[in-house]
Amino acid sequence: MPMPTPTPPPFAATAPAGAAKASVRYLDLLSRAAAHVEANLDAALDADLLARQAAMSRHHFHRVFHAYFGLTVGGYVTWRRLRRACELLAARRSTPVLEAAQAVGFESAQALAKAMRRELGTTPTAVRDGGEPAWARFFAQRHIPDGNGATAEADMRPLQPRWVEAPALDALTTTGRGMTQGTMMRAAQQAFGELWPALLAGGLAAQVTHTIATMPEEPQGPEDADCRILVGALFGHSLPDGHGKPTQPPVALDGSLAWWHLPAGRYAVFTHTGPYTGLHTMWKAIYRHWLPATGYATRDVPGFDLYLDDPRSTPEARLRTHLYLPLQ
């Protein structure tokens, strides 16, 4: 059954026969989370709480939110708190900095001052004592989503996934950390540099059916040193053709080696051809355009990339990657 074509094109989707469309209104749901932020700037605003306000799974709320707002959840909360603090300070020059700080969720005047210096290049005292609120220019620009990503998305071919019912799988993974200049390439290389020697040492390399990667958390900025990427190996089952029985061979779990469980379920699978640096743009297009247009709801597990080609012997322009989005 064909699904509605998003506006504007070219992001299309075709659903499997008999698939029911979930009535998910992503803009309305995200608006609930944004309204909760606005009404509770002086309270703890945990990302998991906001995901519940939006009635979305915690894994995908962060991605959808970032795709729409052009900011991480944490970045958006900070943005709204600083704007409200500036409005309070500029409206009444007698407002104590501590009072304004606590009104928007900062524990102290020092914490507000630190955030304002970092994000605005100014101080609470300067905003309170100033004339023309020059700080407003920062907020006028901050809402603009990253234009480079939008341009790249516009050049993409229509997104037409296929549907896969996958069994429960266990991936042997290693962990890399740290986003550098907006990419996780260095962290991925770090993780693969640990995974393959471990597979060779354990005599498991010949048993690997696929290598995959996932990011359990949304990066909190282009230089997020704590952001993780898990790279892993699957054994026994071939996801693209559905053949074989999943296995979990015995292995000593040294270093960051660990088993990551992927529950059984349905996936929308998108194909990316080209350098791995383009995967982030395709994921953003999926969350910004394809998912809202089709109305499907995601499961509360992260999606992952499945690599089909060996980058040592395949030109970058011909590298094929499957992007697995878990759906209800």
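The present account deals with the structure reproduced in this document.

Calculation rules
Residues numbered from 1 in each chain as written. Predicted model: local features only at pLDDT ≥ 70, side-chain atom pairs only at ≥ 80, totals over all residues. Heavy atoms only, no water. Helix = DSSP H or I, 4+ residues; strand = E, 2+ residues; numbered from the N terminus. Buried < 20%, exposed > 50% of the residue type's maximum accessible area, 1.4 Å probe, protein only. Contact = heavy atoms within 4.5 Å. Areas by Shrake-Rupley, 256 points an atom, 1.4 Å probe, with all protein chains shown as cover. Axes fitted to C-alpha atoms, helices over the stretch in contact; angles between N-to-C directions. Parallel < 35°, antiparallel > 145°, perpendicular 65-115°, else oblique. Nonpolar A, V, L, I, M, F, W, Y, C, P; charged D, E, K, R; others polar. Expected span 1.5 Å × (residues − 1). Arc of directions from axis to C-beta. Phe/Tyr/Trp six-rings, centres within 6.5 Å; stacked < 30°, edge-to-face > 60°. Core = buried A, V, L, I, M, F, W, Y, C linked by side-chain atoms within 4.5 Å.

### Points about the overall build of the chain
Of regular secondary structure, the chain possesses eleven helices and eight strands. Across the 328 residues that make up the chain, the buried fraction comes to 48%. Within the chain, contacts between residues at least 6 apart in sequence are counted, and of these 71% link residues at least 24 apart. When the accessible area of the chain is evaluated, it comes to approximately 16,000 Å², of which 53% is carbon and sulfur surface.

### Regarding the packing of helix α3 (residues 58-69) against helix α11 (residues 279-294)
When two helices pack together, their arrangement is given by the angle between their axes and by how far apart the axes lie. Where α3 meets α11, the closest approach of the two axes is 8 Å, and the angle between their N-to-C directions is 90 degrees. Classified by the angle their axes make, α3 and α11 are roughly perpendicular. In this structure, α3 contributes His 60, Arg 63, Val 64, His 66, Ala 67 and Tyr 68 to the contact, and α11 contributes Lys 284, Tyr 287, Arg 288, Leu 291 and Pro 292. Across the contact of α3 with α11, the residue classes tally to six nonpolar, two polar and three charged.

### Overview of helix α10 (residues 185-201)
The end-to-end C-alpha separation of α10 is 24 Å, in line with the 24 Å expected for 17 residues at 1.5 Å each. Every buried residue of α10 is listed here: Ala 187, Ala 188, Ala 191, Leu 195, Ala 198 and Leu 199. The arc enclosing the buried residues of α10, seen along the axis, measures out at 105 degrees, which places them on a common side. Opposite its buried face, α10 presents the exposed residues Arg 186, Gln 189, Leu 200 and Ala 201, each directed more than 90 degrees away. If you follow the buried residues of α10, they end up packed against β2 (169-177), β3 (208-214) and β4 (228-235).

### Focus: α3
For α3, built from twelve residues, the straight-helix expectation of 16 Å at 1.5 Å per residue is met to within 8% by its first-to-last C-alpha distance of 17 Å. Burial of α3 is extensive: nine of the twelve residues sit out of reach of the surface. His 59, His 60, Phe 61, His 62, Arg 63, Val 64, Phe 65, His 66 and Ala 67 are the residues of α3 that are buried. Tucked inside the fold, the buried residues of α3 contact α1 (26-39), α2 (47-53), α4 (73-91), α11 and β8 (320-327). After α3 finishes, the residue Gly 70 shows a positive phi value of roughly 70 degrees.

### What to know about the packing of aromatic side chains
Counted according to the given criterion, the structure contains 17 aromatic pairs. With 6.0 Å between their ring centres and 50 degrees between their planes, Trp 163 and Tyr 296 make a pair best called tilted. Of this pair, Trp 163 sits in strand β1 (residues 162-166) while Tyr 296 sits in the loop between α11 and β7 (304-307); the two residues are 133 residues apart in sequence, bridging distant segments of the chain. Assessed through its relative accessible area of 18%, Trp 163 is described here as buried. Note on Tyr 296: relative accessible area 2%, which makes it buried. Seen in terms of ring centroids, Tyr 267 and Tyr 324 are 5.6 Å apart; in terms of plane orientation they differ by 75 degrees. Their pairing is edge-to-face. Note that Tyr 267 is positioned in strand β6 (residues 265-273) and Tyr 324 in strand β8, a separation of 57 residues in sequence.

### Topic: unusual backbone geometry
Located in the positive-phi region is Ala 55, a residue other than glycine, with phi close to 55 degrees. Relative to the helices and strands, Ala 55 resides in the loop between α2 and α3.

### So, the environment of His 280
Considering the arrangement of structural elements, one finds His 280 in helix α11. Residue classification places His 280 among the partly exposed residues on the basis of a relative accessible area of 45%. In sequence terms His 280 and Met 184 are 96 residues apart; their C-alpha atoms lie 9.6 Å from each other.

### A closer look at the nonpolar core
One finds Phe 61, Phe 270, Ile 286, Trp 290, Leu 291 and Leu 325 to be the most contacted residues of the largest nonpolar core, which totals 58 residues. With eight residues, the top contributor of residues to this core is α11. Leaving out residues up to four positions away in the same chain, Phe 270 has contacts with Leu 159, Pro 161, Met 282, Ile 286, Trp 290, Thr 321, His 322, Leu 323 and Leu 325.

Shape is all these values report; function is a separate question.
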